[in-house]
Every structure is written in C-alpha cells, then in structure tokens.
Protein chains: 2
Amino acid sequence: MNEQEKIETFRQFTDFNDSELKIIMSYFEPKKFKKKTKLLDIGKVSNEVFYLIKGCIRLYCEKDGEELSTYFFTENMFAGSYDSFLSRKPSKVAIETLEECQVLVLTHKGQEKLYEIFPKMNEFIRKAIEQRFILLHDLFISYLLNSPEERYLMLLKDRPELLQRIPQHQIASFLGVTRVSLSRIRNRLAKK
Amino acid sequence: MNEQEKIETFRQFTDFNDSELKIIMSYFEPKKFKKKTKLLDIGKVSNEVFYLIKGCIRLYCEKDGEELSTYFFTENMFAGSYDSFLSRKPSKVAIETLEECQVLVLTHKGQEKLYEIFPKMNEFIRKAIEQRFILLHDLFISYLLNSPEERYLMLLKDRPELLQRIPQHQIASFLGVTRVSLSRIRNRLAKK
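Cut-off values and rules
- Residues numbered from 1 in each chain as written.
- Chains lettered and ligands numbered in written order.
- Predicted model: local features only at pLDDT ≥ 70, side-chain atom pairs only at ≥ 80, totals over all residues.
- Pairing = 2+ DSSP bridges.
- Helix = DSSP H or I, 4+ residues; strand = E, 2+ residues; numbered from the N terminus.
- Least-squares fit on C-alpha atoms with pLDDT ≥ 70 in both.
- Contact = placed C-beta atoms within 7 Å.
- Domains from an automatic or database assignment.
- Axes fitted to C-alpha atoms, helices over the stretch in contact; angles between N-to-C directions.
- Parallel < 35°, antiparallel > 145°, perpendicular 65-115°, else oblique.
- Nonpolar A, V, L, I, M, F, W, Y, C, P; charged D, E, K, R; others polar.

**Here we look at the sheet that holds strand β3 (residues 48-54) of chain B**
Read across the sheet, four strands follow the order β1-β8-β3-β6 (chain B) without closing on themselves; strand pairing throughout is antiparallel. Edge positions in the sheet fall to β1 (29-33) and β6 (78-79) of chain B, since each has one partner strand and no second.

**Some details on the relation of the copies chain B and chain A**
Mapping chain B onto chain A leaves a residual RMSD of 0.0 Å; the transformation is a rotation of 180° accompanied by 0.0 Å of translation along its axis. As the rotation angle and translation indicate, the two copies are arranged about a two-fold axis. Looking at the rotation axis and the C-alpha trace of chain B, the residue lying nearest is arginine 126 of chain B, at 2.3 Å.

**Structural notes on the interface of chain B and chain A**
Counting residues at the interface gives 27 residues for chain B, matched by 27 residues for chain A. When contributions to the side of chain B that touches chain A are tallied by element, the ones reaching two or more residues are β4 (57-63), β5 (66-73), α3 (82-87) and α5 (121-145) of chain B. Take the side of chain B that touches chain A: its biggest share by element is 17 residues, from α5 of chain B.

**Here's the deal with the domain arrangement of chain A**
Residues and elements named next belong to chain A. Looking at chain A, the domain boundaries give domain 1 (3-135) and domain 2 (146-192). For domain 1 and domain 2, the distance between their C-alpha centres works out to 26 Å. Listed by partner, the interface residues are eight residues for domain 1 and six residues for domain 2. Top element by residues in the side of domain 1 that touches domain 2 is strand β5 (residues 66-73). It accounts for four residues.

**A few points about the packing of helix α8 (residues 168-175) of chain B against helix α9 (residues 179-191) of chain B**
How two helices pack is summed up by the angle between their axes together with the distance between the axes. Residue and element names in this part refer to chain B. α9 packs onto α8 with a crossing angle of 90° between their chain directions and a minimal axis gap of 8 Å. Comparing their axes, α9 and α8 come out roughly perpendicular. Contacts from Gln168, His169, Ile171, Ala172 and Leu175 of α8 reach α9 at Arg179, Ser181 and Leu182. Of the residues assigned to the contact of α8 with α9, the class counts are four nonpolar, three polar and one charged.

**Some points on the sheet that holds strand β7 (residues 94-97) of chain A**
The strands that make up a sheet pair up through hydrogen bonds in the backbone, lying either parallel or antiparallel. Residues and elements named next belong to chain A. Ordered by their spatial adjacency, four strands build an open sheet running β2-β7-β4-β5, and the pairing between neighbours is antiparallel. Bordering the open sheet on either side are β2 (38-40) and β5, each of which pairs with just one other strand. On average, each strand axis in the sheet is tilted by 35° relative to the strand beside it, whichever way the strands run. The sheet contact formed by strand β4 (residues 57-63) and β7 spans four bridges and is antiparallel. Paired with tyrosine 60 across the bridge in β7 is alanine 94.

As structure tokens, then:
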C-alpha cells in the first residue's frame, strides 16, 4: 500500500485535504505482526488502535479458562479494545492477530494530539465510533434474540469471508456453541 | 429546570460559550410524557433522542411475544434507539417511558443542522457516543461472562436506584431470568 492509497482509505468519513491527511497519517505508524501475535492482554489498559490494511484480528474474553471470541476485524476496519482505549480502564478483552497482519497503529496519545491539531478529527472519530456502536448493538441484540443457527446464517450472509478465514473453534465460540454443535448446524444447513 | 440549569447540563463534554449554548438549546424541544408512553415502535426508524431531565425510559426488544428490557435510562442521560437513529434503519428496540418524564427532544434533522452550524458538536456527540459505547460493551461482556446473580449484584452496586424505580418483571427480563428466579436470587442474597 503506497502513501496515496493509505490516504484514500481515510477519506471515507471526512473532507480532509491532502496536506491535512499527510500530517494525520504521520501519526499512524505502519507495523507488521506475525500470525498469533498477542496485541493486548485482558486486564491491561489499551493504548493502541490498529487500522487493518491486511489480515485479521480477533477480540476475545475468557470464561472458566475458555476463550470466547467476541469480534473479528478484517481489512479497512479499526481493530482494538475500544472500551478500554476510551475509558482508560483495564480491558475485558484480549487482542490477537489470526493471520499475518499489516496495520497502521494509532496510540492514545497520538489520537489526543490529533484532536488538538485538527478539531475535524472529532467528526472522523465520531463517525468511526458510531459505526462500531451500530455493529456492537447488532451483535448484542442478536445474542438476545437469535439462535446460534440463526446467527451462523447472519454471519454467512454479512461476512461470508470470515467463515473461510477463521478457525472453526473460534467461529463456534463466537456463536456461543461447541465445535460439535457448529458441525451439526453446518450439516443440517447443508442438507436443506 | 430553568434556562441556566439546562445549559449547565450541556457543559459536561465541551467548552461551548453561553451564546453558542443558547442556540444549541433552541434545537432541544422541552416535552413531557406520561408514564407508559410509547416513544418508538420496533421496526420504525428512530428520528429523536431524548435528553432526560426527569424520569426513566426503557429500551426493549421482543422475543416470542415476550418483552426483553435491554436498557434503562435515567436523569442526565441521552435516551434513544441510537443504532436506528444513527444508521437510519428500522429499530430493533422499542422505547417507552416507565415514569412521567420531562425531556429535551433533539430530532435527527436538528442534529444534522447543529453539526453544520457548530462543528464543535462533533466533539460533544463523539464523547456522548463513546460513553454509550462503553456502557453497551460492559453490558455485552456481562451477558457473556456473568451469571444472572452476578449481574444483579453489579446492578445493585452501579445503579442501586434502578432497583427501586423499575418493576421487578422488567429487572428480571433485563437480567435474562424469570420473575420467580429473580425472587430466588434476592432471597438467597438476603440470607448472606
């Protein structure tokens, strides 16, 4: 990804001009991570968000020693433990790469600085956090209203590529079922 | 609540000056609603958010004809079906007053207009939506990790006044248990 492509990526929410975008981009540090890199432990305060250029990152919490995946981020999403990044409290979720990842890292200090330099960043981040809020609300309501099979079908419809990229046991934990139950769901649907 | 008190309420997130705040407040229409007023039906697009001066408002979704309470708003909170208000898609939750309410209503058009007049509104709303995101994330994680009894104890610790103000069956549906189970939880804890 060259400088221009990087910049275009950030135009989606706001009308920053080229020179503004260059300064903004200077606060986003390009990094690469290997597959299965832990980016944040549960209980630590999150100081970084990761704009995903390539790869896949998951959030998970732990219950009785089991990992429960709570979200999967892919290309062009801001991955992170937002609640901790925003509240400055210990994170309830861990962050881990599921594939080799190419990211742009923005630190909390960097973000604060950007708000000072460019008040327009407030609009950019407002729109980004509104999108995250909508996704989280959809997820929360689907936990309340839908069966694991229905949620599997929603995943298949909304983010089919995830089912190819992510290990089955992590899809299962995201749906709140065992790996065996997920296989049963898939078999049942295959016969329909 | 007089004009000055109304204005102070809105200073918490930003540094608007008095004349700016007067214009902003002119977009918030004071209204009163009786107890048990439906403010939004499931399936409708939400066009209003309600800043609560006095009273209590709940969100709920429906499953198999049963109402599941998903959130309770009280004084000094922005109550609303944010996901629909932001995404302009049909709401998955309904909005209802649980007590006689005194509110300031901001319409979606009013909000858009305020962004135009005062770009600083982006900072205000960014901070408000960040707070909502954190609350929703806490709620989501507690559904995944905690038992109904643990969630009852969290409610008792964080928002004890809710347990006095809200009917037991709605507290039960918020915790994801029956009214009978909630009574058992309360009895068990009373004996400790």
